[in-house]
Amino acid sequence: MGDHVSGRGLQRAKLARRTGCNLETIRYYEKIGMMPDPPRTASGYRVYDEGHVSRLRFILRARELGFAIEQIRGLLELVDGGTQTCAEVKERTERHLADVRAKIADLKRIEKVLAATASRCSGEDVPECPILDALAS
């Protein structure tokens with residue numbers, strides 16, 4: 001942007017504290033273009049506003065819900081372009097939900113196999129281990 005602003009607003013450390021986001025993560029989101037470049041003060045400090053706070057919270061919440069960076073980027077592009085429709089956002093969310101459900105099914109299968117394998121082990125200080133045998137076969 002290159003515009004110089006007064007010292008009003010938030011510096012990156014305060015943005016991090018307000019959102020609970022790590023400073024390096026904010027830098028990363030700026031680097032990959034998910035966070036818009038904030039204006040700078042005459043002395044060169046970045047100054048963030050409430051729009052930056054809202055956008056960062058959106059990104060963080062989407063990450064908490066398991067959306068990948070590219071999925072979040074797509075949602076932000078819809079919002080930024082003003083082209084979002086509820087139907088399109090719902091379709092993207094339902095695709096993500098299907099992926100999450102598939103991962104849950106995989107994890108349940110893994111849990112069942114691990115539990116069965118662990119139950120075959122005596123846990124004693126002996127060299128033979130059914131767990132290692134199961135992993136090797």
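Just above sits the structure.
These notes cover the structure that comes with them. This structure is a prediction, so every number in the text was calculated from the model and none was measured.

1. A closer look at helix H3 (residues 50–64)
Consideration 1: Between its terminal C-alpha atoms H3 stretches 21 Å, which fits the 21 Å expected from 15 residues at 1.5 Å a residue.
Consideration 2: For H3, every residue scored as buried is listed here: His52, Val53, Arg55, Leu56, Ile59, Leu60 and Ala62.
Consideration 3: At its buried positions, H3 is contacted by helix H1 (12–19), helix H2 (23–31) and helix H4 (69–81).
Consideration 4: Its side-chain oxygen 2.9 Å from the backbone nitrogen of glycine 51, aspartate 49 forms the N-cap of H3.
Consideration 5: One or two steps after H3, the chain reaches glycine 66, where phi turns positive at roughly 85°.

2. Remarks on the side chain of arginine 55
Consideration 1: Along the chain, the position of arginine 55 falls in helix H3.
Consideration 2: Residues in contact with arginine 55, not counting those within four places in the same chain, are Met34, Met35, Pro36, Leu76 and Asp80.

3. With respect to the nonpolar core
Consideration 1: Membership of the largest hydrophobic core comes to 19 residues, with the highest contact counts inside it found for Leu15, Ile26, Tyr29, Met34, Leu56, Ile59 and Ile72.
Consideration 2: When contributions to this core are tallied by element, the ones reaching two or more residues are H1, H2, H3 and H4.
Consideration 3: A per-element tally of this core places H3 first, with five residues.
Consideration 4: Not counting chain neighbours up to four residues away, the residues in contact with isoleucine 59 comprise Tyr29, Met34, Met35, Ile72 and Leu76.

4. Considering the pattern of salt bridges
Consideration 1: For the structure on display, the rule yields ten salt bridges.
Consideration 2: The salt bridge involving glutamate 30 is made with arginine 12; its shortest N-O contact spans 2.7 Å. In this pair, glutamate 30 is assigned in helix H2 and arginine 12 in helix H1, connecting sequence segments 18 residues apart.
Consideration 3: One salt bridge in this structure joins lysine 90 and glutamate 94, with 3.7 Å as the shortest N-O distance. Placement of the pair is lysine 90 and glutamate 94 together in helix H5 (residues 86–119), with a separation of four residues, close to one helical turn.
Consideration 4: Look at the salt bridges and you will find they share partners, linking Arg12, Glu30 and Arg46 into a network.

5. Some details on a nonpolar patch on the surface
Consideration 1: A grouping of Leu107, Ile110 and Leu114 is seen on the molecular surface, where their side chains present a nonpolar patch of about 290 Å² in accessible area.
Consideration 2: Tracing the chain through its elements places leucine 114 in helix H5.
Consideration 3: The exposed category is assigned to leucine 114, whose relative accessible area is 55%.

6. Brief notes about the packing of H1 against H2
Consideration 1: The contact between H1 and H2 brings their axes to 9 Å, and the two run at 105°. In terms of orientation, H1 and H2 fall into the roughly perpendicular class. Residues Arg12, Ala13, Leu15 and Ala16 of H1 lie in contact with H2, whose contacting residues are Leu23, Ile26, Arg27 and Glu30.
Consideration 2: Along the lines of polarity and charge, the residues of the contact of H1 with H2 split into five nonpolar, no polar and three charged.

7. A closer look at the environment of isoleucine 104
Consideration 1: Along the polypeptide, isoleucine 104 turns up in helix H5.
Consideration 2: Residues isoleucine 104 and leucine 10 lie 94 residues apart in sequence; the distance between their C-alpha atoms is 40 Å.

Reading the values: the criteria
- Every chain's residues receive numbers from 1 upward, in the order its sequence appears when written.
- In view of the model being predicted, local features appear only for residues whose pLDDT reaches at least 70, and side-chain atom pairs are presented and counted only at 80 or more, with totals across whole chains, interfaces and linings using the full set of residues.
- Only hydrogens and water are set aside when side-chain values are computed; all heavy atoms of the structure are taken into account.
- Secondary structure follows DSSP: runs of H or I at least 4 residues long count as helices, runs of E at least 2 residues long count as strands, and numbering of each begins at the N terminus.
- Take the residue count of a helix, subtract one, and multiply by 1.5 Å to get its expected span.
- A simple rule labels every residue: compare its accessible area, found with a 1.4 Å probe on the protein chains alone, to the largest value its type can have, and call it buried under 20%, exposed over 50%, or partly exposed in between.
- Any pair of residues with heavy atoms lying within 4.5 Å of one another is described as a contacting pair.
- Counting of polar contacts relies on pairs of N or O atoms within 3.5 Å, with two restrictions inside protein: one atom must be capable of donating a hydrogen and the other of accepting it, and residues adjacent in sequence are counted only when both atoms are side-chain atoms.
- The criterion is simple. A nonpolar core is a set of buried Ala, Val, Leu, Ile, Met, Phe, Trp, Tyr and Cys residues joined through side-chain atoms within 4.5 Å.
- Each salt bridge in this description consists of a side-chain nitrogen of Lys or Arg and a carboxyl oxygen of Asp or Glu lying within 4 Å of one another.
- Put simply, a patch holds well-exposed residues, over 30% relative accessible area, that have no salt bridge, with like charges counted together within 9 Å and Val, Leu, Ile, Met, Phe, Trp or Tyr side chains within 5 Å.
- Surface accessibility in these figures is a Shrake-Rupley result with a 1.4 Å probe; residues are shielded only by whichever protein chains are displayed.
- All axes are obtained by fitting lines to C-alpha atoms, using only the stretch in contact for helices, and the reported angles, taken between N-to-C directions, cover 0 to 180 degrees.
- By the definition adopted for this analysis, an angle is roughly parallel if under 35 degrees, roughly antiparallel if over 145, roughly perpendicular if from 65 to 115, and oblique otherwise.
- Residues are grouped as follows: Ala, Val, Leu, Ile, Met, Phe, Trp, Tyr, Cys and Pro are nonpolar; Asp, Glu, Lys and Arg are charged; all remaining types, including Gly, are polar.

Scope: geometric values only; no functional claims are made or implied.
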